[in-house]
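Structural features, examined
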Amino acid sequence: MEGAKEFGLRNVSSHCSISDMDDYDLSRLLDKPRLNIERQRSFDERSLSELSIGLTRAGLDNIDSTYSPGGRSGFDTPASSARNSFEPHPMVAEAWEALRRSLVFFRSQPVGTIAAYDHASEEVLNYDQVFVRDFVPSALAFLMNGEPEIVKNFLLKTLQLQGWEKRIDRFKLGEGAMPASFKVLHDPIRKSDTIVADFGESAIGRVAPVDSGFWWIILLRAYTKSTGDLTLAETEDCQKGMRLILTLCLSEGFDTFPTLLCADGCSMIDRRMGIYGYPIEIQALFFMALRCALALLKPDAEGKEFIERIVKRLHALSYHMRGYFWLDFQQLNDIYRYKTEEYSHTAVNKFNVIPDSIPDWVFDFMPCRGGYFIGNVSPARMDFRWFALGNCVAILSSLATPEQSVAIMDLIESRWEELVGEMPLKICYPAIESHEWRIVTGCDPKNTRWSYHNGGSWPVLLWMLTAACIKTGRPQIARRAIELAESRLLKDAWPEYYDGKLGRYIGKQARKYQTWSIAGYLVAKMLLEDPSHLGMISLEEDKQMKPVIKRSSSWTC
């Protein structure tokens, strides 16, 4: 992933030093006491309509979690009955050792983990940086292990970086943009540390990350839910940081859809892969971040307006995604029979999709039982590819209804060879190749078929798959996937990704000791050992966001 960027120190304003700035983020809040608060009703159980009616009643007293001692999250899934007799796999100790080796320190305090610890590689590029999206599985591993301090440090440090003025080629980014990554520079002579941030100005393609801000909000909620410490989220700095992110993505303009318009390369798939428009990964993360922000924002004078806007957007977004992005056997058959050039509000084919544009592979890929959220929907265009991250996050955020969540699991089981193969998990399916590959990727040599973002297999996705399996009551799927990973990952030195139709081969340019491959495995193992950890990364369904669209679904096929 990070190999798609080149790191270079350029004289731009976002590369200013913070070595002399007030280091408020690591000192001002760290000594505040934690609150052990008992609540009668979790925030997740409150409906959005209740929120829109009673915004002024209470602030974070109604947060969507209850604190459980020992770093346990407040999810009511029972812990594993074998918890006390759990025999860890020999890989677990090796993984923890590798994860701790990747820690990055700023002024003697841990602030994140580097992307990869691969000394065998000739080119470091930007793999020695702390990436926001990469750190999430590391953060979850530390939270589940009862080590929340590094997560708090990371949240505060990136929040401080958000406040920098961000200019790329004389053009100023939105105030709320979070960095893609940052690097700590140690000066042994002056005995000082300096941070350099990258907001996209050093990336291949010069694309700013849309997902960094969403992951930051999601991680803030995970920290709060895991520790019961409300003081961090309640600070004016964190409240302002969330409002700035929301200002960017809730702005009203010419778009007629509630989804978020994005460029190629703005997410985990950070190279040109034809995901421009409304990619499922960003829409699912957008939905989840909105729901997390709803739980964390204070309903004060400034927060109340954002809460009202979030409630309205969530209703529209859930309706749009569940209706137009969802594909199962029945819906595929409906699209196959679409009429075109329809006009007015009565049109069935609202996006004027030409049935002849449906790729042949979809008809064989779609099982009778099962379904998924497709990659993209926009005028006259449906990207029918399967994307793992977007579908897993859709389950965890409850963007997917319970029935749709079950159907996604059914699809994974039915198409195990295609989506999992010999190494979990395909980032997308199928790969694009030949002339289409040349057009879509711009002949990108790293994204050849079944490699990297073009159908490569990414071990980091194991934690999301495991979380989705536990939430849907299908832990056996996760166990099967973890066993596959355990047969190869340590022996192969924790690669970044695997190549090939089945994920058999270590990626041609994959870094070894890739930190999020290591952390993703640890999080998956800890989730299976103690499913109550799921609460920090999962949101329960809101009963007020039931889909309006009714039709025969795949699970009744």
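Procedures and definitions
- Residues numbered from 1 in each chain as written.
- Predicted model: local features only at pLDDT ≥ 70, side-chain atom pairs only at ≥ 80, totals over all residues.
- Heavy atoms only, no water.
- UniProt positions renumbered as here; feature names shortened; annotations may be inferred.
- Axes fitted to C-alpha atoms, helices over the stretch in contact; angles between N-to-C directions.
- Helix = DSSP H or I, 4+ residues; strand = E, 2+ residues; numbered from the N terminus.
- Left-handed = near helix turned anticlockwise from the far one by under 90°.
- Contact = heavy atoms within 4.5 Å.
- Nonpolar A, V, L, I, M, F, W, Y, C, P; charged D, E, K, R; others polar.
- 1 Å grid on protein atoms, 1.4 Å probe; cavity = no way out; pocket = protein on both sides within 12 Å on 5 of 7 lines; lining within 4 Å.
- Points joined across faces, edges and corners; volume = space filled by probe spheres on them.
- pLDDT = per-residue confidence, 0-100.
- Buried < 20%, exposed > 50% of the residue type's maximum accessible area, 1.4 Å probe, protein only.
- Pairing = 2+ DSSP bridges.
- Expected span 1.5 Å × (residues − 1).
- Phe/Tyr/Trp six-rings, centres within 6.5 Å; stacked < 30°, edge-to-face > 60°.
- Lys NZ or Arg CZ within 6 Å of the ring centre and 35° of its normal.

Going by what an unreviewed UniProt entry lists, the protein chain is known as Alkaline/neutral invertase and is assigned to Prunus avium. As its UniProt record puts it under Catalytic activity (unreviewed entry), the protein chain is described as follows: "Hydrolysis of terminal non-reducing beta-D-fructofuranoside residues in beta-D-fructofuranosides." As recorded by UniProt, the Sequence similarities (unreviewed entry) comment attached to the protein chain reads in full: "Belongs to the glycosyl hydrolase 100 family."

Attention shifts here to the packing of helix α5 (residues 149–162) against helix α6 (residues 211–227). In the contact formed by α5 and α6, the axes pass within 10 Å of each other and the chain directions differ by 145 degrees. For the element pair α5 and α6, the recorded crossing hand is left-handed. Of the residues in α6, those in contact with Val 151, Lys 152, Phe 154, Leu 155, Thr 158 and Leu 159 of α5 are Trp 216, Leu 219, Leu 220 and Tyr 223. Of the residues belonging to the contact of α5 with α6, the class tally is 8 nonpolar, 1 polar and 1 charged.

With that settled, the discussion passes to empty space enclosed by the protein. Under the defined criterion, the tally for this structure stands at 5 cavities of 30 Å³ or more. Counted as a void, the second largest cavity has a volume near 70 Å³. Lining the second largest cavity, in full, are Arg 133, Pro 137, Trp 215, Met 268, Glu 281, Leu 389, Val 460, Leu 461, Trp 463, Met 464 and Trp 516. Looking at the lining of the second largest cavity, the elements that each hand over two or more residues are α4 (132–144) and α17 (462–471). Tallied by class, residues from the lining of the second largest cavity come to 9 nonpolar, no polar and 2 charged.

A separate point is the confidence of the model for the protein chain. Overall, the predicted model of the protein chain reaches an average pLDDT of 85, with 81% of residues at or above 70. Confidence over residues 1–85 falls short of pLDDT 50; this stretch has 243 contacts with residues more than four positions distant or in other chains.

On to the pairing of strand β7 (residues 192–198). Most of β7 sits out of view: 6 of its 7 residues are buried. The pairing of strand β6 (residues 181–187) with β7 spans 7 bridges and is classified as antiparallel. Bridge pairing in β7 places His 186 opposite Asp 193. The turn linking β6 back onto β7 is made up of 4 residues, and Lys 191 within it adopts a positive phi angle of 55 degrees.

Turning our eyes to something else, we now look at helix α19 (residues 515–529). With 15 residues, α19 extends 21 Å from end C-alpha to end C-alpha; this agrees with the ideal 21 Å at 1.5 Å per step. Burial of α19 is extensive: 14 of the 15 residues sit out of reach of the surface.

Below, the discussion takes up the sheet that holds strand β10 (residues 381–387). Read across the open sheet, the 4 strands follow the order β8-β9-β10-β11; overall the sheet is antiparallel. The sheet is open, and its two edges are formed by β8 (326–328) and β11 (428–429), each paired on a single side. Of the pairings in the sheet, the one linking β10 to β11 comprises 2 bridges and is antiparallel in character. Looking at the pairing, Phe 387 lines up with Cys 428 of β11. Contacts between helix α14 (residues 402–414) and the sheet are confined to β8, β9 (371–378) and β10, with β9 contributing the most and set at about 100 degrees to the helix.

All told, the structure shown has 21 aromatic pairs when counted by the stated rule. Where Trp 494 meets Tyr 521, the ring centres are 5.7 Å apart and the plane angle is 50 degrees; that geometry is what we call tilted. Of this pair, Trp 494 sits in the loop between α18 (475–486) and β12 (498–499) while Tyr 521 sits in helix α19; the two residues are 27 residues apart in sequence, bridging distant segments of the chain. In terms of burial, Trp 494 and Tyr 521 fall into one category: buried. Site record: aromatic cluster; members linked through ring pairs are Trp 361, Phe 365, Tyr 372, Trp 386, Tyr 429 and Trp 450. Its guanidinium or amino end placed over the ring of Tyr 513, Arg 101 lies 5.4 Å from that ring's centre, counting from NZ or CZ.

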